[in-house]
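Descriptive analysis of the structure
One-letter residues, chain by chain:
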Amino acid sequence: MATTLAPSAQSDSADLERFGYRPVLHRKLGRYASFAAGFSFVSILTTIFQFFGFGYGFGGGAFFWTWPIVFAGQFLVALNFAELAARYPISGCIYQWSRRLAGELVGWFAGWMMIIAQIVTAAAAAIALQVVLPSIWSGFQIIGTETALTSPSGAMNAVLLGSVLLVLTTVVNVIGIELMARLNTIGVTVEIVGVLAIIALFFARADRGPGVVFDTTAAAPGPYWAAFLVSGLMAAYVMVGFDSAGELSEETKDPRRVAPRTILTALSVSALGGGLMLLGALMAAPSLGDGALASDGLAYVISAKLATPAGKVLLCCVAVAITVCTLAIQTAGSRLMFSMARDGKLPFARRLAAVHPRFGTPALPAVVIGVLGIALLVLNLGNAAIFATLASVCIVTLYLAYLLVTVPLLFRRIGGWTRSGPNGLFTLGRFGIPVNALAVAWGIAMVVNLAWPRAEVYTPDGGGWWMLWAAPLFTGVAAVVGIVVHQIVVAAPARRAEAVVQPA
């Protein structure tokens, strides 16, 4: 009877060296820690608490159906990513996968867009503390008295709380992957327990049946299909970041086998838990029509259904989830920045690619992401639509980065990309082309839907035209800046090198 031995850290390092990289990061993550990285980035407690009120306010109870639709589309993307994770177990996966499929230029822009998306996502996740902390203790409302994120004082207080959180997560990311993994694992465990407790609470104290998912009475005025499309922003915002297991491949044991599984598991578990939580909240809400469900979201349902001490314990679980979510996003972003800098593809590449001799972490990328995230929050100070604006911008940019992987992969498949995976690892086989094609179509449709300039999303209380067009403008500016940076950092040095080697 044959016995299969698990690959050792030494063989993992040798595997990485075959791609031309010297192992410098500490390989500390096991299967659960890898799952926790993806699950905490998705973080259903964080993101559903952030956006439940938004989704319900536009789509009413029937906005629930955006959840399985978005999951189906994102699972198609995740299947493609799982196959790539088995082939290329390298940190900075979006950049690494794209450049190996479509060349250096496309790969660089995929990495560039992903870095920007992760900075914006970290900022958007950090301000979610405003949804929870003032409900736990009024002392957390330091600025003004209105706690809603859509109010001026709530938005300003969110910037303050979010900035403090980004400082803390930066410190943890600098200290080391072992501490980050330990905190993340504990946090994810707390989050899973909290999700199960919230689901049990909602279903045990339901006021109506599951037919509420067909209710549209609380939907925004106008054609329901339009409101439904807007409400899908919630699910689209939640179900991203499952590729984080791939971002941490160089710190994961046996990443060729572990990363594909944890990519798919993180998304699937999040979808199941989140779907049950949405259904339970709709069934348990004291009222569907008094406006409280749209303005206060899940915190309103928990506070109404549970005695104060127990309810606050569950809200504390949400605060923990927000913390580890922000931590995981920043970790993934710092590894992507490190991976690109190691290839000399970013400004100040040598410093960004340096690994701290004691902590074994790319410390400067973590600091850069933290500082830029705080700067982004300060830039939006006083913007009552900060939440929807940041969320829409980060999701559009993330989906574009994903397309810069799935589109080249589809062309490679059509051109005869091999169906067999390395050493019998995860592969889509003959289903590769149809699954990939559907993933591309899904990604394009979501980018168009999310970037569409809707006044009710971007300027609910009025504002300049630039706020209304925030998503396409931000994406365009990011692309233009990327072109300039690429010319200075990558293209110009390459031309000079070619001129040196050419004979006189």
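The text that follows walks through the structure, step by step, so that each part is easy to find. None of these values were measured; they are calculated from a predicted model.

Here we look at the overall build of the chain
A tally of regular secondary structure across the chain gives 22 helices and zero strands. Computed over its C-alpha atoms, the radius of gyration of the chain comes to 22 Å, within 12% of the 23 Å expected for a compact globule of 504 residues. If one aligns the C-alpha atoms of the chain with their principal axes, the spans along those axes are about 75 × 65 × 45 Å. The buried share of the chain, taken over its 504 residues, is 59%. For the chain, restricting intrachain contacts to residue pairs at least 6 apart in sequence, the fraction spanning at least 24 positions comes to 82%. In the structure as shown, the chain presents an accessible area of about 19,500 Å², 69% of it carried by carbon and sulfur atoms. Charge centroids of the chain, computed over 30 positive and 21 negative side chains, lie 9 Å from each other.

Notes on the nonpolar core
Counting 156 residues, the largest nonpolar core has Phe-49, Phe-52, Trp-67, Ile-94, Trp-97, Phe-202 and Tyr-399 as its most contacted members. Here this core takes 16 residues from helix 6 (residues 104-126), the largest share from any one element. Counting nine residues, the second largest nonpolar core, distinct from the first, contains Leu-29, Ala-33, Val-172 and Ala-181.

Re the pattern of salt bridges
Throughout the structure, instances matching the rule amount to 10 salt bridges. Linking Glu-83 and Arg-413 is a salt bridge whose minimum nitrogen-to-oxygen distance equals 2.5 Å. One end of the pair, Glu-83, is in helix 4 (residues 66-87); the other, Arg-413, is in helix 18 (residues 386-414), with 330 residues separating them in the sequence. Summarising the burial analysis for this pair, Glu-83 and Arg-413 share the class buried. Arg-257 is paired through a salt bridge with Asp-254; the nearest N and O atoms lie 3.8 Å apart. The exposure class assigned to Asp-254 is buried, which follows from its relative accessible area of 13%. If you follow the salt bridges from partner to partner, you end up with Arg-99, Glu-104, Asp-343 and Lys-345 in one network.

Some points on the side chain of Glu-191
Following the sequence through the fold, Glu-191 ends up in helix 9 (residues 177-204). For the buried Glu-191, no salt bridge is present, and the opposite-charge side chain at shortest range is Arg-182, 18 Å distant. From its side chain, Glu-191 meets the backbone nitrogen of Ile-44 in a polar contact 3.3 Å long. Apart from the residues within four sequence positions on either side, Glu-191 is in contact with Phe-39, Ser-43, Ile-44, Leu-45, Thr-46 and Ala-321.

Examining the packing of aromatic side chains
As enumerated under the stated definition, the model contains 20 aromatic pairs in all. With 5.0 Å between their ring centres and 50° between their planes, Phe-51 and Tyr-237 make a pair best called tilted. Here Phe-51 is found in helix 3 (residues 44-59), whereas its partner Tyr-237 is found in helix 11 (residues 233-238), with 186 residues between them in sequence. Comparing Phe-51 with Tyr-237 shows no difference in burial state: the two are buried. Ring centres 5.0 Å apart and planes at 80° place the aromatic pair Trp-108 and Phe-109 in the edge-to-face group. The two residues Trp-108 and Phe-109 agree in class, both being buried. Members of the aromatic cluster, joined through ring pairs, are Phe-81, Trp-97, Phe-242, Tyr-399 and Tyr-402. One cation-aromatic arrangement involves Arg-342 over Tyr-21; the distance from NZ or CZ to the ring centre is 3.9 Å.

As for the packing of helix 9 against helix 14 (residues 292-305)
At their nearest, the axes of helix 9 and helix 14 sit 11 Å apart, and the two run at 65° to each other. Between helix 9 and helix 14 lies a crossing whose hand is left-handed. When helix 9 is examined against helix 14, the residues Ile-198, Leu-201 and Phe-202 are found in contact with a partner set consisting of Leu-298, Val-301, Ile-302 and Lys-305.

Points about the packing of helix 4 against helix 19 (residues 432-451)
One can describe the packing of helix 4 onto helix 19 by two numbers: an axis separation of 9 Å at closest approach and a directional angle of 125°. Relative to helix 19, the element helix 4 is oriented oblique. For helix 4 against helix 19, the interelement crossing comes out left-handed. Side by side, helix 4 and helix 19 meet where Ile-69, Val-70, Gly-73, Gln-74, Leu-76, Val-77, Leu-79 and Asn-80 of the first sit next to Val-435, Asn-436, Leu-438, Ala-439 and Trp-442 of the second. Looking at the contact of helix 4 with helix 19, its residues break down into nine nonpolar, four polar and no charged.

Focus on the environment of Leu-428
Within the fold, Leu-428 resides in the loop between helix 18 and helix 19. With relative accessibility at 10%, the residue Leu-428 sits in the buried group. Considering only alpha carbons, one finds Leu-428 and Leu-79, 349 residues apart in sequence, at a separation of 7.6 Å. Excluding residues within four positions of it along the chain, Leu-428 makes contact with Leu-79, Asn-80, Glu-83, Arg-413 and Val-435.

Observations concerning the side chain of Lys-345
As for its position among the elements, Lys-345 is in the loop between helix 15 (308-342) and helix 16 (349-352). Its relative accessible area of 15% is what places Lys-345 among the buried residues.

Remarks on helix 2 (residues 31-42)
Across its 12 residues, helix 2 extends 17 Å between first and last C-alpha, which sits within 8% of the 16 Å expected from 1.5 Å per residue. Of all the 12 residues making up helix 2, 10 are buried; the element is thus mostly covered by neighbouring parts of the structure. Looking at helix 2, one finds that the buried residues are Ala-33, Ser-34, Phe-35, Ala-36, Ala-37, Gly-38, Phe-39, Ser-40, Phe-41 and Val-42. Following helix 2 by one or two positions, Ser-43 adopts a phi angle in the positive range, close to 45°.

About the criteria used
- Residues numbered from 1 in each chain as written.
- Predicted model: local features only at pLDDT ≥ 70, side-chain atom pairs only at ≥ 80, totals over all residues.
- Heavy atoms only, no water.
- Helix = DSSP H or I, 4+ residues; strand = E, 2+ residues; numbered from the N terminus.
- Rg over C-alpha atoms; globule rule 2.2 N^0.38 Å.
- Buried < 20%, exposed > 50% of the residue type's maximum accessible area, 1.4 Å probe, protein only.
- Contact = heavy atoms within 4.5 Å.
- Areas by Shrake-Rupley, 256 points an atom, 1.4 Å probe, with all protein chains shown as cover.
- Lys, Arg positive; Asp, Glu negative; His and termini not counted.
- Charge placed at Lys NZ, Arg CZ, Asp CG, Glu CD.
- Core = buried A, V, L, I, M, F, W, Y, C linked by side-chain atoms within 4.5 Å.
- Salt bridge = Lys/Arg side-chain N within 4 Å of Asp/Glu carboxyl O.
- Polar contact = N/O pair within 3.5 Å; in protein donor to acceptor, adjacent residues only side chain to side chain.
- Phe/Tyr/Trp six-rings, centres within 6.5 Å; stacked < 30°, edge-to-face > 60°.
- Lys NZ or Arg CZ within 6 Å of the ring centre and 35° of its normal.
- Axes fitted to C-alpha atoms, helices over the stretch in contact; angles between N-to-C directions.
- Left-handed = near helix turned anticlockwise from the far one by under 90°.
- Parallel < 35°, antiparallel > 145°, perpendicular 65-115°, else oblique.
- Nonpolar A, V, L, I, M, F, W, Y, C, P; charged D, E, K, R; others polar.
- Expected span 1.5 Å × (residues − 1).

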